[in-house]
Amino acid sequence: MEITMSITIVLPFTAQQVFEKTLRDLINSPLVQKIFVVHNGGYTATHAKCESVTANSLTAGAMINQITQRLDTDFLLLLNQAQEITLGQAALERFVAVAEQTGAGLTYADFYEVKAGARSEHPLGEYQLGSIRDNFDFGALLLFSTAAMRAALQKFGACPDVQWAGWYDLRLKVAIAHPVFHIQEFLYTKTESDIRQSGEKQFDYVDPRQQAVQKEMESVATQHLKNIGAYLPPSFKPLPPAPTTFPVEASVIIPVRNRVKTIAEAVQSVLRQQTGFPFNIIVADNHSTDGTTEMLAQLARQDKRVQHLVPARQDLGIGGCWNEALLSPACGKYAVQLDSDDLYADEHTLQKVVDEFKRGDYAMVIGSYKLVNFALQEIPPGVIDHREWTPENGRNNALRINGLGAPRAFRTDLVRQFLLPNVSYGEDYAIALRLSREYQIGRIYEPIYLCRRWEGNTDAALPIEKINRHDLYKDHLRTIEIMARQRLHREGK
């Protein structure tokens, strides 16, 4: 294969043995002209292709600006993880060939990963307009076109003075005017050091220790939305008057299928609520087969506030069960969420949610929760309060993050206009995005909900294919929402 293109590599330094192995693999490629080794003072270049770049962070905006100015090759390859990387046969040649043929500004590829000594395939998801979350999985190798980088930075400005969000800023800018191409081939092998299961990783971004990181990411994402004409200023549509013909003030909605171990506790946590208004519970029982149905029937006989709803349809996901409950004549003015294996934190949760609705002009109220194990003991990272949400910018930042909090509550007459998509993942995120496009969302920052993590959770240990499907769907929802917001701007609404 004739070599006509050239690559500069950005490689983070680590004192571990894997660094030298990865470095040798990269140096041996004739495509590689230069390797910028990024370190904080503990590295001395030992090869002619290597240049030292001192920086406190691999993701700092100043470092990226510095490297961009020093680029004299056609492409820049970022290794974004200090882990052992082994290139596949002609991997860099394939990267460059595809990038050249497609005109991609950013190219990434599937890979093999080694965990606990076992090798497996790690396919990645497809990038789209809505893939603006900062944790999009590109793998460990990202190939940027130098021309695309420079054009993007010239049009949208240099990387801001950030510590963690530099590469995030760069790839968002590049993706506006240039394709982001996914090579569905396993071009390298990564030895994975983070071997936690999916259920353990999903709360990393809301760890309270990450708040400074999150604020940087939010700033970059907000500017991106402005760049693409999808930013919404903090002006909201007033709520229409609510109908007065609801049977109760609030209904707690619990979709359930086969949760005989937890459903009774969930229902009892609602029945213990102390409120100044009437409420009920609508349990949408999606044809359970493990004794859940019988248990719910007994609970409904014991307390008339328990509405045991068994849908006639057999094709419902969680969102579809929610819709059955929302459209039920028994549904109250406010519809409040409770998952079938979770609990309200105390007997005042429901009152606090309704009080928050009455404090503002809110179409939706979202609470905060505490992560606990099955025995209700707190587990890391503890309280998830989503304090990254602000009244001024929450609906823009919502497009960057993967969740908004719990419990989620809606003004029933409004959510009946749109309903939830009939899926079992992301249905709540979809309706939150839709409502936030027009209306204000209220927040409760104290923990009023217990989210139980145990082996029975549907997301406790997902295979990579299902993780990708989930991520792809939420990116799809973001794409819809971004396009809708861009249309509002175009039509001057």
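Residues numbered from 1 in each chain as written. Predicted model: local features only at pLDDT ≥ 70, side-chain atom pairs only at ≥ 80, totals over all residues. Heavy atoms only, no water.

(A) Structural detail: the overall build of the chain. If you tally the helices and strands in the chain, you get 15 helices and 18 strands. By the compact-globule yardstick of 23 Å for 493 residues, the chain fits well, its C-alpha radius of gyration being 25 Å. Referenced to the eigenvectors of the C-alpha coordinate spread, the extents of the chain come out at roughly 80 × 55 × 40 Å. Buried residues in the chain amount to 56% of all 493 residues. Expressed as a percentage of contacts within the chain between residues at least 6 apart in sequence, the contacts between residues at least 24 apart total 80%. (Helix = DSSP H or I, 4+ residues; strand = E, 2+ residues; numbered from the N terminus. Rg over C-alpha atoms; globule rule 2.2 N^0.38 Å. Buried < 20%, exposed > 50% of the residue type's maximum accessible area, 1.4 Å probe, protein only. Contact = heavy atoms within 4.5 Å.)

(B) Structural detail: helix α5 (residues 166-177). Most of α5 sits inside the fold, with nine of its 12 residues counted as buried. For α5, the set of buried residues is Gly-166, Trp-167, Tyr-168, Asp-169, Leu-170, Arg-171, Leu-172, Lys-173 and Val-174.

(C) Spatial organisation of the nonpolar core. Ile-35, Phe-144 and Trp-167 are the most contacted members of the largest nonpolar core, which totals 106 residues. Ignoring any residue separated from it by four or fewer positions in sequence, one finds Ile-35 in contact with Ile-9, Leu-11, Leu-23, Leu-26, Ile-27, Lys-49, Cys-50 and Glu-51. If you look at the next biggest cluster of nonpolar residues, it comprises 35 residues, including Ala-266, Val-270, Tyr-362 and Ala-406. (Core = buried A, V, L, I, M, F, W, Y, C linked by side-chain atoms within 4.5 Å.)

(D) A look at helix α9 (residues 292-302). All of the buried residues in α9 are Thr-292, Leu-296 and Leu-299. Down the axis of α9, the buried side of the element spans an arc of 60°, and every buried residue falls inside it. Turned more than 90 degrees off the buried face of α9, the exposed positions are Glu-294 and Arg-301. Against the buried residues of α9 lie β10 (250-256), α8 (263-271), β11 (279-285) and β12 (306-309). (Arc of directions from axis to C-beta.)

(E) Examining the confidence of the model for the chain more closely. The predicted model of the chain averages 93 in pLDDT, with 95% of residues at 70 or higher. Counting contacts from residues 195-208, a segment whose pLDDT is below 50, to residues more than four positions away or on other chains yields 33 contacts. (pLDDT = per-residue confidence, 0-100.)

(F) Representation of empty space enclosed by the protein within the structure. Throughout the structure, instances matching the rule amount to five cavities of 30 Å³ or more. Estimated volume of the largest cavity: approximately 70 Å³. Around the largest cavity, the lining residues are Gly-125, Glu-126, Arg-133, Phe-136, Asp-137, Asn-468, Asp-471, Leu-472 and Asp-475. Class assignment for the residues of the lining of the largest cavity results in two nonpolar, two polar and five charged. Of the voids in this model, the second largest cavity is the one considered here, and its volume is about 60 Å³. Lining the second largest cavity, in full, are Phe-236, Trp-389, Thr-390, Pro-391, Gly-394, Arg-395, Ser-436, Tyr-439, Gln-440 and Ile-441. When grouped by side-chain class, the residues that make up the lining of the second largest cavity number five nonpolar, four polar and one charged. (1 Å grid on protein atoms, 1.4 Å probe; cavity = no way out; pocket = protein on both sides within 12 Å on 5 of 7 lines; lining within 4 Å. Points joined across faces, edges and corners; volume = space filled by probe spheres on them. Nonpolar A, V, L, I, M, F, W, Y, C, P; charged D, E, K, R; others polar.)

(G) Main features of the layout of surface pockets. Of the voids in this model, the second largest pocket is the one considered here, and its volume is about 330 Å³. Considering the residues around the second largest pocket, the lining is formed by 15 residues, among which Leu-232, Arg-437, Glu-438, Leu-488 and Lys-493 are closest to the centre. No other element matches the four residues that helix α15 (residues 464-490) contributes to the lining of the second largest pocket. Counted by class, the lining of the second largest pocket contains five nonpolar, two polar and eight charged residues.

(H) Region of interest: the environment of Gln-268. For Gln-268, the position within the fold is in helix α8. The exposure class assigned to Gln-268 is partly exposed, which follows from its relative accessible area of 30%. A sequence separation of 146 residues divides Gln-268 from Leu-414, and the C-alpha atoms of the two residues are 28 Å apart.

(I) Geometry of the pairing of β11. Of all seven residues making up β11, seven are buried, and the element is well covered by its neighbours. In β11, alternate side chains face the same way, and those of Phe-279, Ile-281, Val-283 and Asp-285 on one face and Asn-280, Ile-282 and Ala-284 on the other are all buried. Inspection of the sheet shows β10 paired to β11 by seven bridges, in the parallel sense. Counted as the bridge partner of Ser-251 is Asn-280 from β11. For the handedness criterion, the β-α-β arrangement of β10, α8 and β11 is classed as right-handed. Note: β11 against β12, four bridges, orientation parallel. (Pairing = 2+ DSSP bridges. Right-handed = clockwise from strand over helix to strand, strands pointing away.)

(J) Representation of the environment of Leu-326 in the model. By the secondary structure assignment, Leu-326 is in helix α10 (residues 318-326). Considered as a pair, Leu-326 and Ile-282 are 44 residues apart in the sequence and their alpha carbons are 8.9 Å apart. Filtering out sequence-adjacent residues up to four positions away, Leu-326 remains in contact with Ile-253, Cys-331, Ala-335, Thr-412, Val-415, Arg-416 and Leu-420.

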